[in-house]
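Observations on chain architecture
The lines below spell out each chain.
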Amino acid sequence: MRLWKMMGAVLAGLLVASVPAMAQAPLTVMSFNIRYANDTDGVNSWANRREVTAAMLEKAAPDLIGTQELLKLQGDFLVERLKGYAWFGVGRRGGDEDEHMGIFYRTDRLKLIRSGNFWLSDTPEVAGTAAWGADLPRLASWGLFETVEGGRRFYAFDTHLPHRDQDEHAREKGAALVLARIQAMAGTLPVVLTGDFNTTPGSATHTLLATRLKDARDTAPVKLGPDETFHDFTGVPTKRIDWIFTRGFKAERVETITDHQGAVQTSDHFPVLATLAWPKR
């Protein structure tokens, strides 16, 4: 009898050992210039497109959304309408006014450990500061997250670089500051960077970011939708200026989402959604 019990225990141990550990579910991340609520946008005013936008987000259900141009009233509407999301961020001049780099996350999937902001200037801790010839304050918001299941941690950074043609130097300087903060803060943890970078691949800014990070659109084996993202409410995109960069993650799939209802778009930019596999432990 004792022998049979011992053999049974050994067999049970072998069976348990042969079952592979459950893989961590991929992280889905969106970058979305939501276009601030502007009543002069006509058919595409926020009052008209907010339900189109909410429906798109509800269908995509990303774990994390890095937005640009977000006003507080838009962020508050979306978390109320969608449920299950929280968001944080600060206006580019400090406080709740003006445009935010609002970061949304699914509370059933992610826990926010800590968060913060820094301005793209020579005085990054001073709210509302601009530099390097840019005509408006620009900032980056960030969060350290932990998955509810599995306890995997990562950093998310979200930014919006200067928009004028003559601002490439300011964009490059801003990108360098973001890279420096990633290096100083994230250690060996995986990182995702979302943003409207207001320049195209091949620019000095993109080239600089690609020295340390990977462009998900360039590396994912599955690519859906157009490469270009900015379409100025026409539905016909002309420039790829919205990017998702990663470190540590492996991009499995990237989609440019073109959802709309008739003439009503979700924004003047198409959102970009990436499915990211975790690094092996």
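This report concerns the structure included in the present document. (Residues numbered from 1 in each chain as written. Predicted model: local features only at pLDDT ≥ 70, side-chain atom pairs only at ≥ 80, totals over all residues. Heavy atoms only, no water.)

1. Description of the packing of aromatic side chains
Per the counting criterion, the structure on display carries 14 aromatic pairs. Taking 5.8 Å as the distance between ring centres and 20 degrees as the angle between the ring planes, the aromatic pair formed by tryptophan 87 and phenylalanine 104 counts as stacked. Of the two residues, tryptophan 87 is situated in strand β3 (residues 85-88) and phenylalanine 104 in strand β4 (residues 103-106); the sequence distance between them amounts to 17 residues. In this structure, tryptophan 87 and phenylalanine 104 share a single accessibility class: buried. Counting every residue linked through ring pairs, the aromatic cluster contains Phe88, Tyr105, Phe145, Phe154, Phe249 and Trp278. When the ring centre of phenylalanine 118 is taken as origin, the NZ or CZ atom of arginine 181, which lies over that ring, is 4.7 Å away. (Phe/Tyr/Trp six-rings, centres within 6.5 Å; stacked < 30°, edge-to-face > 60°. Helix = DSSP H or I, 4+ residues; strand = E, 2+ residues; numbered from the N terminus. Buried < 20%, exposed > 50% of the residue type's maximum accessible area, 1.4 Å probe, protein only. Lys NZ or Arg CZ within 6 Å of the ring centre and 35° of its normal.)

2. Topic: the sheet that holds strand β11 (residues 242-247)
Strand order across the open sheet formed by 6 strands is β5-β6-β7-β8-β11-β9, with mixed pairing between neighbours. Two strands lie at the open edges of the sheet, namely β5 (110-119) and β9 (214-215), each paired on one side alone. In this sheet, β11 lies alongside β9 in antiparallel orientation, the contact comprising 2 bridges. What sits directly across from lysine 214, in β11, is threonine 246. (Pairing = 2+ DSSP bridges.)

3. Re the nonpolar core
Core analysis: the largest hydrophobic core is formed by 25 residues, its most contacted members being Phe118, Phe157, Leu193 and Leu209. Counting only elements with at least two residues in this core, the list comes to β6 (139-147), β7 (153-160), α4 (168-186), β8 (191-196) and β11. If you tally residues by element for this core, the top one is α4, at 7 residues. Setting aside residues no more than four positions away along its own chain, phenylalanine 157 makes contact with Phe118, Ser141, Trp142, Arg181, Ile182, Met185, Val191, Val192, Leu193 and Thr194. (Core = buried A, V, L, I, M, F, W, Y, C linked by side-chain atoms within 4.5 Å. Contact = heavy atoms within 4.5 Å.)

4. Topic: α4
Because an α-helix completes one turn every 3.6 residues, residues spaced three or four positions apart along the sequence face the same direction. Taking 1.5 Å of rise per residue, the 19 residues of α4 would be expected to cover 27 Å, and the 26 Å separating its terminal C-alpha atoms lies within 8% of that figure. Within the sequence span of α4, burial applies to Ala170, Arg171, Gly174, Ala175, Leu177, Val178, Leu179, Arg181, Ile182 and Ala186. Considering only its buried residues, α4 is in contact with β5, β6, β7, β8, α5 (204-209) and β11. One or two positions beyond α4, positive phi appears at glycine 187, with a value near 60 degrees. (Expected span 1.5 Å × (residues − 1).)

5. Digging into the pattern of salt bridges
Close approach of charged atoms allows side chains of opposite charge to pair. The tally for this structure, following the rule as stated, stands at 21 salt bridges. Salt-bridge contacts for lysine 83 lead to glutamate 80; the nearest nitrogen and oxygen are separated by 2.9 Å. Note on lysine 83: relative accessible area 49%, which makes it partly exposed. Measuring nitrogen to oxygen at the nearest pair gives 3.2 Å for the salt bridge that ties arginine 240 to aspartate 218. Taken together, the positions of arginine 240 in the loop between β10 (222-224) and β11 and aspartate 218 in helix α6 (residues 216-219) put the pair 22 residues apart, joining distant regions of the chain. Taken together, the shared-partner salt bridges connect Arg92, Arg93, Asp98 and Glu99 into one network. (Salt bridge = Lys/Arg side-chain N within 4 Å of Asp/Glu carboxyl O.)

6. Details of the side chain of threonine 194
Looking at the secondary structure, you find threonine 194 in strand β8. Among the polar contacts listed, one links the side chain of threonine 194 to the side chain of aspartate 158, at a separation of 2.8 Å. If we skip the residues at most four places from it in the chain, threonine 194 touches Val29, Met30, Ser31, Gly66, Gln68, Phe157, Asp158, Thr159, Trp243 and Ile244. (Polar contact = N/O pair within 3.5 Å; in protein donor to acceptor, adjacent residues only side chain to side chain.)

7. Some words on the sheet that holds β4
Spatial ordering of the open sheet is given by β3-β4-β2-β1-β15-β12-β10, a layout of 7 strands whose pairing is mixed. Single-partner strands in this sheet number two, and they are β3 and β10. Pairs of neighbouring strands in the sheet enclose a mean axial angle of 20 degrees, with direction left out of account. Here strand β1 (residues 27-33) pairs with strand β15 (residues 272-277) via 5 bridges, running antiparallel. From the neighbouring strand, methionine 30 faces β15, where its bridge partner is leucine 273. Along the sheet, helix α2 (residues 46-60) makes contact with β1, β2 (64-68) and β15, crossing β1 at roughly 160 degrees. Lying on the sheet, helix α3 (residues 72-82) is in contact with β3 and β4; it crosses β3 at an angle near 165 degrees. (Axes fitted to C-alpha atoms, helices over the stretch in contact; angles between N-to-C directions.)

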